[in-house]
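# Architecture at a glance
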Amino acid sequence: EGEKVGKFSEKTGNLRHLDLSHMSDVVSCHILNEFFYRNPFLKILNISHCVKIGRKDSTAELHTSNKENVASPTLSNLEVLIANDCRNFIPECIPQLLGAPLRVVSQSGAWYTDDSTILWYTRHFHSTLECLNIAKCYKVTDRSVQSLAGCPNLRVLKISSCWRISDSSLVKVLESCCKTKASCS
């Protein structure tokens, strides 16, 4: 089935929204990279439940070039990343994200989402991030949530079942959002 998806990627080229959710073991880093090459204007990427994306032994595939030895593509138009319940996903496994203007990130229930993941998003997307869904990411703590106070455009934060986040951290983020909103009025 992976070969079929790979052949399908060859027939694309103008996609703006790519939903590969629930493709489970079919979608790998290699196939994802093929879609990136052929669809440089991608705005929305959904890889929810794709368990092969992000495995430590396969992340190197995204760093390598394709058959024609072309440099890795950038995702300079990607605004929405949905990676819910991707048990192995960490954003560093898709280096092409660094060129993206990400506004919305949904990583609910991803097993490896922890403070380093949230800090990575705030470091690289602090000026564009508007919505962050990290519900059921049990490893996230106050340390990283407080960094969200530095995201001036953050408007939606979903943290249900994140039991390591305290009220005081949320207050800091809320105060920051209120200050930003007041200064824009």
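Note that the coordinates shown come from a computational prediction; the quantities given were computed from them, not determined experimentally.

## Observations concerning the packing of aromatic side chains
Each pair of aromatic rings is reported with the distance of its centres and the angle of its planes. Going through the model one piece at a time under the given rule, you end up with 3 aromatic pairs. Plain terms: the ring middles of Tyr121 and Phe125 are 6.4 Å apart, the flat faces sit at 40° to each other, and that makes the pair tilted. Taken together, the positions of Tyr121 and Phe125, both in helix H4 (residues 115-125) and 4 residues apart, correspond to about one turn of that helix. An identical accessibility class is assigned to Tyr121 and Phe125; each is buried. The rings of Trp120, Tyr121 and Phe125 are connected pair by pair, giving a single aromatic cluster.

## Observations concerning helix H2 (residues 29-38)
In terms of burial, H2 is a largely internal element, 8 of the 10 residues being buried. Listed as buried for H2 are Cys29, Ile31, Leu32, Asn33, Glu34, Phe35, Phe36 and Tyr37.

## So, the environment of Ile44
Tracing the backbone shows Ile44 in strand S2 (residues 44-46). Residue classification places Ile44 among the partly exposed positions, given a relative accessible area of 26%. Setting aside chain neighbours within four positions, we find Ile44 in contact with Arg16, His17, Leu18, Leu78 and Val80.

## With respect to the side chain of Gln96
Looking at where Gln96 falls in the secondary structure, it is placed in the loop between strand S3 (80-82) and strand S4 (104-106). Within the structure, Gln96 has its side chain in polar contact with the side chain of Asn33 (distance 2.9 Å).

## Brief notes about the sheet that holds S2
Here we have 6 strands laid out as an open sheet, ordered S1-S2-S3-S4-S5-S6, and parallel in their pairing. Strands with a single pairing partner mark the edges of an open sheet, and in this sheet they are strand S1 (17-19) and strand S6 (156-158). Across the sheet, the axes of successive neighbouring strands diverge by a mean angle of 5°, strand direction being ignored. Note: strand S5 (residues 131-133) against S6, 3 bridges, orientation parallel. Across the sheet, Asn133 pairs through a bridge with Lys158, a residue of S6.

## Notes on the confidence of the model for the protein chain
On average, residues of the protein chain carry a pLDDT of 84, and 81% of them reach 70 or more. At the low end of the mean pLDDT range in the protein chain sits helix H3 (residues 60-63), at 48; at the high end sits S4, at 98. A low-confidence stretch, residues 57-69 stays under pLDDT 50, and its non-local contacts, those more than four residues away or across chains, total 28 contacts.

## Observations concerning the pattern of salt bridges
Applying the stated criterion to the full structure yields 4 salt bridges. For Lys43, the salt bridge is made with Glu79, and the minimal N-O distance between the two is 3.8 Å. One end of the pair, Lys43, is in the loop between H2 and S2; the other, Glu79, is in the loop between H3 and S3, with 36 residues separating them in the sequence. We classify Lys43 as partly exposed; its relative accessible area is 37%. For Glu79, the salt bridge goes to Arg103, with nearest N and O atoms at 3.0 Å. Of this pair, Glu79 sits in the loop between H3 and S3 while Arg103 sits in the loop between S3 and S4, and the two are 24 residues apart along the sequence.

Parameters at a glance
- Residues numbered from 1 in each chain as written.
- Predicted model: local features only at pLDDT ≥ 70, side-chain atom pairs only at ≥ 80, totals over all residues.
- Heavy atoms only, no water.
- Phe/Tyr/Trp six-rings, centres within 6.5 Å; stacked < 30°, edge-to-face > 60°.
- Helix = DSSP H or I, 4+ residues; strand = E, 2+ residues; numbered from the N terminus.
- Buried < 20%, exposed > 50% of the residue type's maximum accessible area, 1.4 Å probe, protein only.
- Contact = heavy atoms within 4.5 Å.
- Polar contact = N/O pair within 3.5 Å; in protein donor to acceptor, adjacent residues only side chain to side chain.
- Pairing = 2+ DSSP bridges.
- Axes fitted to C-alpha atoms, helices over the stretch in contact; angles between N-to-C directions.
- pLDDT = per-residue confidence, 0-100.
- Salt bridge = Lys/Arg side-chain N within 4 Å of Asp/Glu carboxyl O.

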